[in-house]
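Okay, here's what each chain looks like letter by letter:
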Amino acid sequence: MQKISILTAGDSSLLVQFGNEIRPEINRKITSTVQLMKEQHIEGVLDVIPAFCSLLINYDPRVVSYEDLKERISGLLKLETKAGAERKRIFEIPVCYGGKYGPDMEFIAKNAGLTEEEVIQIHSSRDYLIYMLGFLPGFCYLGGLDERIHTPRLATPRIKIEAGSVGIGGSQTGIYPMDSPGGWQLMGKTPVKTYDPDRKVPILVEAGDYIRFVPINEEEYMRIRELEERGEYRCVVHDEGEV
């Protein structure tokens, strides 16, 4: 791993730079640092925002100074963080692929030179690491999309993409957590609300978690959607303990 640096980012933020490459081991170090900070309850820290290769820490300069916070963070970065770093939480996200739920599935398959069934099999055959959340509340930037199904974005973005839509944009795949404009090619839809402002914890997942897409049919989609609307659906979550 490259040398970690701590930089100022305005008068009330500190940026921890872990490198300049998007790699799982860097993400694990960021995730473990976030976990350590939560456990330490550092006075004056208001928020921590993980990204692909960095961690932004917002703080109250009236409570803790930049130099004192930098010293505390430097100490945390030297600690062994194996327990936090090795935790692997996998969320199963059911997806109804193709048809009216995935209007661009035919294009995705043709672009890849594959059948739609092969695209579904490839897309649902691996666990995707959530590197960061951004763009929209609960929008996950996922790593690990198979190169065979990389697909260019739409030439003209849609004005509205419905919440739950699962798509591919270039080398990335993800879920739209709310109705939004967007330019990704849509391959399916999940009935699961990855973002719900009425929930106690509005965002379902965190950076460092994994998503596993599970193909379902329309009947199952409707069943889960009804449960979700009543607040009775719970995603299957695997906690494998160690990566």
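In short, a report on the structure.

How each quantity is defined
- Residues numbered from 1 in each chain as written.
- Predicted model: local features only at pLDDT ≥ 70, side-chain atom pairs only at ≥ 80, totals over all residues.
- Heavy atoms only, no water.
- Helix = DSSP H or I, 4+ residues; strand = E, 2+ residues; numbered from the N terminus.
- Rg over C-alpha atoms; globule rule 2.2 N^0.38 Å.
- Buried < 20%, exposed > 50% of the residue type's maximum accessible area, 1.4 Å probe, protein only.
- Areas by Shrake-Rupley, 256 points an atom, 1.4 Å probe, with all protein chains shown as cover.
- Expected span 1.5 Å × (residues − 1).
- Salt bridge = Lys/Arg side-chain N within 4 Å of Asp/Glu carboxyl O.
- 1 Å grid on protein atoms, 1.4 Å probe; cavity = no way out; pocket = protein on both sides within 12 Å on 5 of 7 lines; lining within 4 Å.
- Points joined across faces, edges and corners; volume = space filled by probe spheres on them.
- Nonpolar A, V, L, I, M, F, W, Y, C, P; charged D, E, K, R; others polar.
- Axes fitted to C-alpha atoms, helices over the stretch in contact; angles between N-to-C directions.
- Parallel < 35°, antiparallel > 145°, perpendicular 65-115°, else oblique.
- Left-handed = near helix turned anticlockwise from the far one by under 90°.
- Contact = heavy atoms within 4.5 Å.
- Polar contact = N/O pair within 3.5 Å; in protein donor to acceptor, adjacent residues only side chain to side chain.
- Phe/Tyr/Trp six-rings, centres within 6.5 Å; stacked < 30°, edge-to-face > 60°.
- Lys NZ or Arg CZ within 6 Å of the ring centre and 35° of its normal.

Quick look at the overall build of the protein
Moving on, step 1. Across its full length, the protein carries 6 helices and 14 strands.
Moving on, step 2. For 243 residues, the compact-globule formula gives about 18 Å, and the C-alpha radius of gyration of the protein, at 19 Å, lands near that figure.
Moving on, step 3. With respect to the principal axes defined by its C-alpha atoms, the protein has extents near 55 × 40 × 35 Å.
Moving on, step 4. Counting every position in the protein, which comprises 243 residues, the buried fraction comes to 47%.
Moving on, step 5. Surface summary for the protein: the accessible area is close to 12600 Å², and the carbon and sulfur share equals 50%.

Looking at helix 1 (residues 24-40)
Moving on, step 1. Taking 1.5 Å as the rise per residue, helix 1 with 17 residues should run 24 Å; its terminal C-alpha atoms sit 24 Å apart, in good agreement.
Moving on, step 2. What helix 1 keeps buried is the set I26, N27, K29, I30, S32, T33, V34, L36 and M37.
Moving on, step 3. One or two steps after helix 1, the chain reaches H41, where phi turns positive at roughly 50 degrees.

Description of the pattern of salt bridges
Side-chain pairs of opposite charge can arise where the charged atoms are in close proximity.
Moving on, step 1. This structure, assessed with the given rule, holds 15 salt bridges.
Moving on, step 2. A salt bridge links R148 to D146; the shortest N-O distance between them is 2.9 Å.
Moving on, step 3. The residue R223 makes a salt bridge to E220 at a minimum N-O spacing of 2.7 Å. In this pair, R223 and E220 are both assigned in helix 6 (residues 218-229), 3 residues apart and thus about one turn of the helix distant.
Moving on, step 4. Its relative accessible area of 43% is what places R223 among the partly exposed residues.

Focus: the layout of surface pockets
Moving on, step 1. In this structure, the second largest pocket occupies an estimated 310 Å³ of space.
Moving on, step 2. Lining the second largest pocket are 14 residues, and of these R199, L204, E228, Y233 and R234 sit closest to its centre.
Moving on, step 3. Residue classes in the lining of the second largest pocket are distributed as 6 nonpolar, 1 polar and 7 charged.

A look at the packing of helix 1 against helix 2 (residues 66-77)
Moving on, step 1. For the pair helix 1 and helix 2, interaxial distance at closest approach is 10 Å and the crossing angle is 120 degrees. Classified by the angle between their axes, helix 1 and helix 2 sit oblique to one another. When you trace helix 1 past helix 2, the crossing you get is right-handed. Residues K29, T33, L36, M37 and Q40 of helix 1 form the contact with helix 2, whose participating residues are R72, I73, L76 and L77.

A few points about the side chain of R89
Moving on, step 1. In this fold, R89 is placed in strand 5 (residues 89-97).
Moving on, step 2. Within the structure, R89 has its side chain in polar contact with the side chain of D209 (distance 2.8 Å).
Moving on, step 3. Leave out the neighbours within four places in its chain, and R89 touches E206, D209, Y210, V237 and H238.

Observations concerning the packing of aromatic side chains
Two numbers describe a pair of aromatic rings. These are the distance of the centres and the angle of the planes.
Moving on, step 1. Under the defined criterion, the tally for this structure stands at 9 aromatic pairs.
Moving on, step 2. Their ring planes at 85 degrees and their centres at 5.2 Å tell us that F135 and F139 sit as a pair that is edge-to-face.
Moving on, step 3. Classification of F139 by relative accessible area gives buried; the value is 2%.
Moving on, step 4. Between the aromatic rings of Y176 and W184, the centroid separation amounts to 6.3 Å while the plane-to-plane angle is 75 degrees, which identifies the pairing as edge-to-face.
Moving on, step 5. Here the aromatic residues F52, Y131, F135, F139, Y141, Y176 and W184 are joined through ring pairs into a cluster of three or more.
Moving on, step 6. The lysine or arginine in question, K88, covers the ring of Y210, its NZ or CZ lying 4.6 Å from the ring centre.

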